[in-house]
Amino acid sequence: MADKKQVEAITSMEEDFAQWYTDVVKKAELIDYSSVKGCIVLRPYAYALWERIQHYMDTRFKETGHENVYMPLLIPESLLQKEKDHVNGFAPEVAWVTHGGTEQLAERLCVRPTSETLFCEHYAHVVQSWRDLPKLYNQWCSVLRWEKTTRPFLRHREFLWQEGHTAHAEAQEAVDEALMILDIYAELAEDVLAMPVIKGRKTESEKFAGAQDTYSIECMMHDGKALQAGTTHYFGDGFAKAFDITYTAKDNSLRHVFQSSWGVSTRIIGGIIMTHGDDSGLVLPPRIAPTQVVIVPVASHKPGVLEKAAEVEKNLKAAGIRVRLDSSDQSPGWKFAEYEMKGVPLRLELGPRDIEAGRCVLAKRTGGKEEASLEGLELRVPEALSEIQRAMYDKARKNLDSQISVALTLEEMVTIAQKRGGFIKTMWCGGAECEERVKDLTGGMKSRNIPFEQERLGETCAVCGKPADTMLYWGFQY
RNA sequence: CCGGGUGUGGCGCAGCUGGUAGCGCGCGUGCUUUGGGAGCAUGAGGCCGCAGGUUCAAAUCCUGUCACUCGGACCA
């Protein structure tokens, strides 16, 4: 029976969430493992998702004046060493190239874990005058970090991302840049991926190595764990001083630039899976789905069926819909299950009975079947897709809201952390010791961010009881 | 990095008191099927993760190693 095979194919979320995730990632043909730990093959379906994410972001970046560049893969050790906090943050997880052919290199080269240092070196070369600013660069590339524990999408050693790096004359411009990009990231997550986010600033102890301020968008997964889906950083002039990036201002004084950097990686695909997926597999938001509509012909050997299906495909394609006709000789039931597994938002069933009646069956991946007239289908389908998109966001939003708890005391925090996880919001005094203490007592819960949307939950820090005027989100994270 | 589990055709597994590999699914071909993972027939495919060792003989026993996976620690 269909149900039985489904259950065998994918572990239920309730039974074992981690196993469910691994099953979905494999069965939906997103990835394959390679022979190097943490270096993962992105199969066509996963890469198509990434391309759509890329396309959205790249368009937004270019609209806002950014240019794409490409920096080298290798960083000499001496260059990496220039900014102290930065090197301390990354040193434990960089991989080194020590030989060229059979010869040992005079200086070893690190495979970029991120490219701040390369951008800084380059900016020092090309920035001379206030007329050269701002520099608004982005690059699409992969980076390498020698992680101990790896999981598909969520934690790779090599992963794809974009990293933006900008240099500005004024501090405020660099801050504005970091905040504007954070908005773009939030719009990607909410409008395109149907993943509601919490925007905010990272605490001192959680910010990026070398940054003055780090901002993040935080998402909530089905299992109550948070996922940081994107971050942006304001660097002040710290890197500029370490790398000697100076320009001559209008008044002929020599000044350091102010910088920002920001990135989103393929990790966000893991977020899509864990935000929307269910026990039948992936569920993809229509705006990002590589295939939005799959046409499943029924009794396709009967005359006229495939022809009609091809005609419907052509019409929908002409209407700008990403549609695919599966005319393979698999049984309809097989196809139903297959495309559910792959999260295709809308299935269009078309058989002899339908054709005779001038209609088809539309089945939403999110639930619900309807009969639709073939006449005007190119209007009904986009409508159905936006209904799905909206429903997915609403559902995710509801999940996020239901996972937020308020705690006024440390005892409450610990209880909630152990009982249900999710986000906990509390007042916080600003002390790193309080973060440490929460982490110890809860077995790893950390601050997520200080949300831009602040509320006054009380007058004192939930952890230490000292006066507090900041509200902070906490949570377990991926 | 610490602890548990697992590595045998593409996938899932059996075989582990040693004797040279088997099942289900999938795959190829043919016919019949087609509204929730179709049926019959026939065929192809594996030096058992890798490296040592014990033995007349190793998928099986021993040692090492690598990978995957779960949990923990760590983590822009």
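Look above for the structure.
These lines cover the structure that appears in this document, whether it is placed above or below. Note that the structure is a prediction, hence the values are computed from the model and not measured.

**Overview of helix α11 (residues 332-341)**
Quick reminder: α-helices carry 3.6 residues per turn. Residues three or four places apart thus point the same way.
Here is step 1 of the chain: Regarding α11, the residues found buried are Lys335, Glu338, Tyr339 and Met341. Buried positions in α11, seen along its axis, are confined to an arc of 150° and lie on one side of it.
Here is step 2 of the chain: Directly beyond the C-terminal end of α11, a positive phi value near 75° is found at Gly343.

**Examining the nonpolar core**
Nonpolar side chains in soluble globular proteins tend to be buried together.
Here is step 1 of the chain: The biggest cluster of nonpolar side chains holds 61 residues, and the ones touching the most others in it are Trp20, Leu30, Ile53, Met57, Phe153, Leu193 and Ile273.
Here is step 2 of the chain: Considering each element in turn, this core owes the most residues, 11 residues, to helix α7 (residues 171-192).
Here is step 3 of the chain: Trp20 has contacts with Ile10, Thr11, Ser12, Met13, Ile273, Met274, Gly277, Asp278, Asp279 and Gly281, leaving out every residue within four places of it along the chain.

**Let's talk about the pairing of strand β18 (residues 359-364)**
Here is step 1 of the chain: Bridge count between strand β17 (residues 346-350) and β18: four bridges; the pairing is antiparallel. Bridging from a neighbouring strand, Glu349 pairs with Val361 of β18.
Here is step 2 of the chain: The pairing of β18 with strand β19 (residues 369-373) spans five bridges and is antiparallel. Residue pairing for β19: Leu362 is matched across the bridge by Glu370.
Here is step 3 of the chain: Remark: four residues form the turn of the hairpin made by β18 and β19, two consecutive strands paired antiparallel; Gly367 in that turn has positive phi of roughly 115°.

**Side note on the packing of aromatic side chains**
Here is step 1 of the chain: One pass over the structure, following the stated rule, counts 12 aromatic pairs.
Here is step 2 of the chain: Taking 5.2 Å as the distance between ring centres and 35° as the angle between the ring planes, the aromatic pair formed by Phe17 and Trp20 counts as tilted. With Phe17 and Trp20 both in helix α2 (residues 17-27) and three residues apart, this pair spans about one turn of that helix. Across this residue pair, the class does not change: Phe17 and Trp20 are buried.
Here is step 3 of the chain: Cation over ring: Arg108 sits above Trp96, and NZ or CZ is 3.9 Å from the ring centre.
Here is step 4 of the chain: Here the guanidinium or amino end of Lys250 rests over the ring plane of Trp130, the centre of that ring lying 4.6 Å away.

**Things to note about the side chain of Asp58**
Here is step 1 of the chain: Locating Asp58 in the fold gives a position in helix α3 (residues 44-63).
Here is step 2 of the chain: For Asp58, a relative accessible area of 16% puts it in the buried group.
Here is step 3 of the chain: A distance of 2.9 Å separates polar atoms of two side chains, one belonging to Asp58 and the other to Asn68.

**Examining the protein's contact with RNA strand B**
Here is step 1 of the chain: In the region of RNA strand B, 47 residues are neighbours, and Tyr33, Arg145, Arg155, Phe208 and Asp354 sit closest.
Here is step 2 of the chain: Near the protein, meaning within 4 Å, the atoms of RNA strand B are sugar or phosphate in a fraction of 42%, with bases accounting for the rest.
Here is step 3 of the chain: At 2.4 Å, a side-chain N or O of Asp354 approaches a base nitrogen of RNA strand B.
Here is step 4 of the chain: Elements supplying a minimum of two residues to the surface near RNA strand B: α1 (2-9), α2, β11 (226-236), α11, β17 and α12 (352-357).
Here is step 5 of the chain: Broken down by element, the surface near RNA strand B gets its largest block of residues, eight residues, from α11.

Rules behind the numbers
- Residues numbered from 1 in each chain as written.
- Chains lettered and ligands numbered in written order.
- Predicted model: local features only at pLDDT ≥ 70, side-chain atom pairs only at ≥ 80, totals over all residues.
- Heavy atoms only, no water.
- Buried < 20%, exposed > 50% of the residue type's maximum accessible area, 1.4 Å probe, protein only.
- Helix = DSSP H or I, 4+ residues; strand = E, 2+ residues; numbered from the N terminus.
- Arc of directions from axis to C-beta.
- Core = buried A, V, L, I, M, F, W, Y, C linked by side-chain atoms within 4.5 Å.
- Contact = heavy atoms within 4.5 Å.
- Pairing = 2+ DSSP bridges.
- Phe/Tyr/Trp six-rings, centres within 6.5 Å; stacked < 30°, edge-to-face > 60°.
- Lys NZ or Arg CZ within 6 Å of the ring centre and 35° of its normal.
- Polar contact = N/O pair within 3.5 Å; in protein donor to acceptor, adjacent residues only side chain to side chain.
- Near = heavy atom within 4 Å.

Bear in mind that shape data such as this cannot, by itself, settle questions of function.
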